[in-house]
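# Reading the structure
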Amino acid sequence: MDASGYSKELAHVKRETSALKKFFGTALSTATGFLAANVIGKGFDLLQNNIGSTINAASDLNETVSKTKAIFGDSADAMLDWGDAAFKIGLSKTQALDAASVFGGMAKAAGLAGGEVNKFATNIVGAAADLGSFFNVPVEQALDDLRSGLAGEAEPLRKYNIFLNEA
């Protein structure tokens, strides 16, 4: 998926829908057509916003896929396939791959390589989903807490009955 050019297309769509909105608004702005013109105008506004949101989401996913490929290298395809099933743990593909990329980067910094990086990242993201469910917290919060814990902060993990000490 290539997000380049989406911004230009969004601007074009906005211009076109604005022109259509103006045309219909003028044509239907008589006393009897005022209500219809208002409804059509709101519909075009909604269409314009939804198209923009969709393009932004596609662009975000494209950036996430690029990041995933950079972090996981030859194992990236397996991670992308895993991301397709992220809805099973309550995350979008973009959210799951972003989280996995964070933990994958941490795994690489700790000396893991290849499939071990994938395994570590997917296990941690899966554990976050389990913790979120068990302790009734959003998965995103559990992911942040696990990331903080792996970075050396003990406090965020205590709410999950995970206690780190020097021993």
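The present account deals with the structure reproduced in this document.

Definitions and limits used
Residues numbered from 1 in each chain as written. Predicted model: local features only at pLDDT ≥ 70, side-chain atom pairs only at ≥ 80, totals over all residues. Heavy atoms only, no water. Helix = DSSP H or I, 4+ residues; strand = E, 2+ residues; numbered from the N terminus. Buried < 20%, exposed > 50% of the residue type's maximum accessible area, 1.4 Å probe, protein only. Areas by Shrake-Rupley, 256 points an atom, 1.4 Å probe, with all protein chains shown as cover. Salt bridge = Lys/Arg side-chain N within 4 Å of Asp/Glu carboxyl O. Axes fitted to C-alpha atoms, helices over the stretch in contact; angles between N-to-C directions. Parallel < 35°, antiparallel > 145°, perpendicular 65-115°, else oblique. Contact = heavy atoms within 4.5 Å. Nonpolar A, V, L, I, M, F, W, Y, C, P; charged D, E, K, R; others polar. Core = buried A, V, L, I, M, F, W, Y, C linked by side-chain atoms within 4.5 Å. Polar contact = N/O pair within 3.5 Å; in protein donor to acceptor, adjacent residues only side chain to side chain.

The next subject is the overall build of the protein chain. Broken down by element type, the protein chain carries 7 helices and 0 strands. Traced from its N-terminal end to its C-terminal end, the protein chain shows the element sequence α-α-α-α-α-α-α. Looking at the protein chain as a whole, 33% of its 167 residues qualify as buried. On the protein chain, roughly 10,200 Å² of surface is accessible, and the fraction owed to carbon and sulfur atoms is 57%.

A side chain of one charge can pair with a side chain of the opposite charge if their charged atoms are brought near each other. Evaluation of the coordinates by the stated rule reveals 4 salt bridges. The residue Asp98 makes a salt bridge to Lys67 at a minimum N-O spacing of 2.8 Å. A residue pair is termed long-range when its members are at least 10 positions apart, and Asp98 in helix H4 (residues 93–109) and Lys67 in helix H2 (residues 34–72) qualify at 31 residues. Note on Asp98: relative accessible area 25%, which makes it partly exposed. Residue class for Lys67 comes out partly exposed when judged on its relative accessible area of 34%. Lys159 is paired through a salt bridge with Asp145; the nearest N and O atoms lie 3.1 Å apart. Taken as a pair, Lys159 in the segment after helix H7 (155–158) and Asp145 in helix H6 (residues 139–150) lie far apart in primary sequence, 14 residues in all. The class for Lys159 is partly exposed, based on a relative accessible area of 42%.

The next subject is the packing of H4 against H6. Between H4 and H6, the shortest axis-to-axis distance is 11 Å and the interhelical angle comes to 5°. The orientation of H4 with respect to H6, classified from their angle, is roughly parallel. Where H4 approaches H6, its residues Gln95, Ala99, Val102, Phe103 and Met106 are matched on the opposing element by Glu140, Leu143, Leu146, Arg147 and Leu150. Classifying every residue of the contact of H4 with H6 gives 7 nonpolar, 1 polar and 2 charged.

A separate point is the nonpolar core. Judged by nonpolar contacts, the single largest core of 25 residues is most densely connected at Phe72, Leu91, Phe103, Val125, Leu143 and Leu146. Listed by contribution, the elements that provide at least two residues to this core are H2, helix H3 (76–84), H4, helix H5 (115–134) and H6. For this core, the element with the highest residue contribution is H5, accounting for 7 residues.

To continue, consider the side chain of Ser148. Checked against the element boundaries, Ser148 lands in helix H6. Those residues in contact with Ser148, other than ones at most four positions away along the chain, are Glu153 and Pro156.

Our next topic: unusual backbone geometry. If you check the backbone angles, Asn136 has positive phi at about 55° while not being a glycine. Along the chain, Asn136 turns up in the loop between H5 and H6. Within the chain, Asn161 stands out as a residue other than glycine whose phi angle is a positive 60°. Residue placement: Asn161 occurs in the segment after H7.

This part is about the environment of Ala85. With respect to the helices and strands, Ala85 occurs in the loop between H3 and H4. With relative accessibility at 30%, the residue Ala85 sits in the partly exposed group. Measuring from C-alpha to C-alpha, the distance between Ala85 and Ala96 comes to 9.2 Å, with 11 residues separating the pair along the chain.

Summarising the element assignment, Asn118 is placed in helix H5. Of the polar contacts made by the side chain of Asn118, one reaches the backbone oxygen of Ser75; its length is 3.0 Å. Ignoring anything within four residues of it in the chain, the contact list for Asn118 reads Phe72, Ser75, Ala78 and Met79.

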